[in-house]
Amino acid sequence: MKIRVSGFTRESVVDGPGIRAVIYAQGCPHHCPHCHNPSTWDPEGGYELDVGDIVRLVKDTGLLRGITLSGGEPFLQAGPFAELAARIKELGLDVVTYTGYTFEELLEMSRSDSSVARLLNLTDILIDGPYRHEERDWSLAFRGSRNQRVIDVRKSLKEGRVCTLDF
Ligand code: SF4
């Protein structure tokens, strides 16, 4: 199974807790003004990576706490990203997902798209919402603007309300 990506970083300490491999999705429908990476918007851009090859790279890296699915918009390719997340979790690693959708929008999408539901359920920490330049705040950990939330997905789904994490 292939994922269209704009890039891949084997070790990062700024895209979620701990040392993480980061997979940058290619394709984003949100087009936030002042987006830091507009080259990721075109769904036909970037290049393809095989899910199995990404898993092998992660396995070979060692010392990783998990992987981060970043953008672009990972939920635009929810099927292959969910497959990747499932295989990463089998290794005992965790999954952080960045999205320009809100948690509530993803819940709504989940009702008619089982791949979105699967990726959401396999995500440990969701950093949600579009980047809003007027709310930018460089002091925030792992996010660029104050509207974005760091969400404990399992707890939020269990309790039926958005539960955020403090970083
Ligand atoms: S969601 Fe992220 S990648 Fe997409 S336009 Fe907004 S800031 Fe850029």
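Reference entry: report on the structure contained in this document. Predicted, not measured: the structure shown is a model, and the values here were computed from it.

Another aspect to go through is the overall build of the protein chain. Scanning the protein chain from terminus to terminus reveals 5 helices and 7 strands. Starting at the N terminus and walking to the C terminus, you meet the elements of the protein chain as β-β-β-α-β-α-β-α-α-β-β-α. A compact globule built from 167 residues should have a C-alpha radius of gyration of about 15 Å, and the protein chain, at 15 Å, falls within 12% of that. With respect to the three principal axes, the spread of C-alpha positions in the protein chain is 40 × 35 × 35 Å. Among the 167 residues that make up the protein chain, the fraction classed as buried is 49%. Long-range contacts, defined as pairs at least 24 residues apart, comprise 65% of the intrachain contacts of the protein chain with a sequence gap of at least 6.

A separate point is a nonpolar patch on the surface. On the surface, V13, V14, I19 and L63 cluster together into a nonpolar patch covering about 430 Å² of accessible area. Given the relative accessible area of 80%, L63 is considered exposed.

A word on helix α3 (residues 103–110). For α3, the set of buried residues is F103, L106 and S110. Each buried residue of α3 sits inside an arc of 60° when the element is viewed along its axis, so together they form one side. Looking at the buried positions of α3, the neighbouring elements they touch are α4 (114–122), β6 (125–128), β7 (149–152) and α5 (153–159).

Turning our eyes to something else, we now look at the packing of aromatic side chains. The geometry of an aromatic ring pair comes down to the distance between the two centres and the angle between the two planes. The final tally for this structure, using the stated rule, is 1 aromatic pair. Between F142 and F167 the ring centres are 5.1 Å apart and the planes differ by 65°, which places this aromatic pair in the edge-to-face class. Note that F142 is positioned in the loop between β6 and β7 and F167 in the segment after α5, a separation of 25 residues in sequence.

This paragraph deals with the pattern of salt bridges. Tallying each qualifying case throughout the model produces 12 salt bridges. Of the charged contacts, one joins R118 and E83 as a salt bridge, the two residues approaching to 3.2 Å between their closest N and O atoms. Taken together, the residues span a long stretch of sequence, with R118 in helix α4 and E83 in helix α2 (residues 78–90) at a distance of 35 residues. Residue E108 pairs with R111 through a salt bridge whose shortest N-O separation is 3.7 Å. What emerges from the salt-bridge pattern is a single network uniting R20, R65 and D94.

Another aspect to go through is unusual backbone geometry. Along the chain, G71 connects to G72 via a cis peptide bond; the corresponding omega equals -20°. Within the secondary structure, G72 is located in the loop between β4 (66–70) and α2. Unusually for a residue other than glycine, H34 sits at a positive phi of about 70°. Within the secondary structure layout, H34 lies in the loop between β2 (20–25) and β3 (47–50). A residue is classified by how much of its surface remains accessible, and H34, at 56% relative accessible area, is exposed. The phi torsion at L63 lies on the positive side, around 60°, for a residue other than glycine. Tracing the sequence through the fold places L63 in the loop between α1 (51–61) and β4.

Basis of the calculations
Residues numbered from 1 in each chain as written. Predicted model: local features only at pLDDT ≥ 70, side-chain atom pairs only at ≥ 80, totals over all residues. Heavy atoms only, no water. Helix = DSSP H or I, 4+ residues; strand = E, 2+ residues; numbered from the N terminus. Rg over C-alpha atoms; globule rule 2.2 N^0.38 Å. Buried < 20%, exposed > 50% of the residue type's maximum accessible area, 1.4 Å probe, protein only. Contact = heavy atoms within 4.5 Å. Patch = residues over 30% accessible without salt bridge, like charges linked within 9 Å, V, L, I, M, F, W, Y side chains within 5 Å. Areas by Shrake-Rupley, 256 points an atom, 1.4 Å probe, with all protein chains shown as cover. Salt bridge = Lys/Arg side-chain N within 4 Å of Asp/Glu carboxyl O. Arc of directions from axis to C-beta. Phe/Tyr/Trp six-rings, centres within 6.5 Å; stacked < 30°, edge-to-face > 60°.

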